[in-house]
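Fold and contact review
Each chain is listed here by its residues.
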Amino acid sequence: FGHIHDISRLASPIAPLVNLTMRLGLDAPVKTLLGVAPERKLSRFASRTFTQRWRAHQKRHAGRTRHTRGQAVYFHDTFAEYNYPHIGMAAVKLLEAAGFEVVVLERRACCGRPMLSKGLIEEARVLARKNVEMLAPFARQGVTIIGTEPSCILTLRDEYRDLLPDDADAAAVAGEAYMIDEFLAKLDKAGDLGIAWKVGAGPDVLFHGHCHQKALIGIGPSMAMLANAGCSAKESGAGCCGMAGSFGYESEHYDVSRKIGEDRLFPAVAAASEATTVSVAGVSCRQQIEHFTQRKTRHIAEVLAERIAPAHVWKARAPEPVPASVVPTPESAAHAENTGAGPA
């Protein structure tokens, strides 16, 4: 589990074969080897990775003139790359709709969070150093680093400071790392989001926040952005989903994982109508909900991206007009010069 990125990278080129093996239940020996509960289903691999889709997206839009207010780096996590590339593309759509030129560093390393969860500190430190070296040039220029997996992007923001203490570059990267909805909510609060949403009411949404997200950010930005996009959103009211990274996958923790979900989360999902979209921020929550409730989930980036108005084009916000009372006149300027008074 600590090396999930490398395992996924090796499995991805033979995704159809791996997926068929899992669908036919022939992955039992692998589960036993990994200590995975036999009831669990491992994540299917996408036929095309996020990077492949990103390259195609770049090719389609080559040469087009776009309104842009600078760059934003999308730090694509392991699951977005190999299992859920549509989440990454939803993030790209949102950032471009907000006027940013999206940068994807294809050679970025795993964030190191899976290794940290298994006590592989030194191995995680090596990955942290590699990522900081790639991201610091952007962070030092004030370029925001965006993620869609809480445990991934928030590792850059939190644990990297401990893994690389007194490292100015690590601190710079940490200072520019944001969840996608958190960043959009920040722009919106400043009146500078610039995304035109579809007219009319959006879907009813039951949102469940990720524990790492709740600990460092809270779900306020998520709920604010869902409301901003016209969705009628309700929070699950639950604590941990019970998955907690690889914890819920492990045979010895399967029953405990289920009981945690049954406390509040599963009842909340069961009470939601079939028309309600069950939305999450993290892949652990997605896997747990879908496994025990059989309800499909959608990442919040997907929900928001679908609410962008057709033919939307970002336009720079017009500068705020300066009140007439503070606009200097020739008379006031002369008075200030004669009296030695500086500008207000």
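Quantities reported herein were computed from a predicted structural model and do not represent experimental measurements.

1. A closer look at the pattern of salt bridges
Side chains that differ in sign of charge can pair as their charged atoms come close. Following the criterion strictly, the structure yields 15 salt bridges and no others. Between E262 and R258 there is a salt bridge, with its nearest N and O atoms 3.3 Å apart. Of the two residues, E262 and R258 are both situated in helix 15 (residues 254–263); the distance of four residues between them amounts to about one turn of the helix. Taking the relative accessible area as the measure of exposure, E262 reaches 40% and is therefore partly exposed. A relative accessible area of 24% means that R258 is categorised as partly exposed. Because the salt bridges share partners, they merge into one network encompassing R286, E290, R298, E302 and E306.

2. Quick word on the sheet that holds strand 3 (residues 144–147)
With parallel pairing, the four strands of this open sheet are ordered in space as 2-1-3-4. With one partner strand each, in any of the chains shown, strand 2 (101–103) and strand 4 (177–179) form the two edges of the open sheet. Averaged over all adjacent pairs, the angle separating strand axes in this sheet is 35°, with direction ignored. Of the strand pairs in this sheet, strand 3 and strand 4 are connected by three bridges, and their pairing is parallel. Looking at the pairing, I145 lines up with A177 of strand 4. Its contacts with the sheet place helix 12 (residues 180–189) against strand 3 and strand 4, and it is angled at close to 95° to strand 4.

3. Things to note about the packing of aromatic side chains
Two aromatic rings are characterised by how far apart their centres lie and by the angle between their planes. One pass over the structure, following the stated rule, counts six aromatic pairs. Both rings, one in F50 and one in Y74, keep their centres 5.3 Å apart while their planes meet at 75°; by these two values the pair is edge-to-face. With F50 in helix 4 (residues 50–60) and Y74 in strand 1 (residues 71–74), this residue pair connects regions lying 24 residues apart in the sequence. Overall, F50 belongs to the buried group, its relative accessible area being 0%.

4. Some words on the sheet that holds strand 8 (residues 297–299)
Strand order in the open sheet formed by four strands is 6-5-7-8, with parallel pairing between adjacent strands. Every other strand in the sheet has two partners, leaving strand 6 (232–235) and strand 8 as the edge strands with one partner each. When the angles between neighbouring strand axes are averaged without regard to direction, this sheet yields 35°. Of the pairings in the sheet, the one linking strand 5 (residues 204–208) to strand 7 (residues 277–280) comprises four bridges and is parallel in character. Within strand 7, the residue paired with H208 across the bridge is V280.

5. Let's talk about unusual backbone geometry
Non-glycine residue Q294 carries a positive phi angle of around 60°. For Q294, a relative accessible area of 61% puts it in the exposed group. Positive phi outside glycine occurs at A311, with the angle close to 65°. Tracing the sequence through the fold places A311 in the loop between helix 18 (300–305) and helix 19 (330–339).

6. A word on a nonpolar patch on the surface
Residues L20, L24 and L26 make up a contiguous nonpolar surface patch of roughly 290 Å² in combined accessible area. Tracing the sequence through the fold places L20 in helix 2 (residues 15–23).

7. Section: the side chain of T49
Within the secondary structure, T49 is located in the loop between helix 3 (28–34) and helix 4. If we ignore the near neighbours within four places in the chain, the residues touching T49 are S12, E81, Y82 and P85.

The rules behind these values
Residues numbered from 1 in each chain as written. Predicted model: local features only at pLDDT ≥ 70, side-chain atom pairs only at ≥ 80, totals over all residues. Heavy atoms only, no water. Salt bridge = Lys/Arg side-chain N within 4 Å of Asp/Glu carboxyl O. Helix = DSSP H or I, 4+ residues; strand = E, 2+ residues; numbered from the N terminus. Buried < 20%, exposed > 50% of the residue type's maximum accessible area, 1.4 Å probe, protein only. Pairing = 2+ DSSP bridges. Axes fitted to C-alpha atoms, helices over the stretch in contact; angles between N-to-C directions. Contact = heavy atoms within 4.5 Å. Phe/Tyr/Trp six-rings, centres within 6.5 Å; stacked < 30°, edge-to-face > 60°. Patch = residues over 30% accessible without salt bridge, like charges linked within 9 Å, V, L, I, M, F, W, Y side chains within 5 Å. Areas by Shrake-Rupley, 256 points an atom, 1.4 Å probe, with all protein chains shown as cover.

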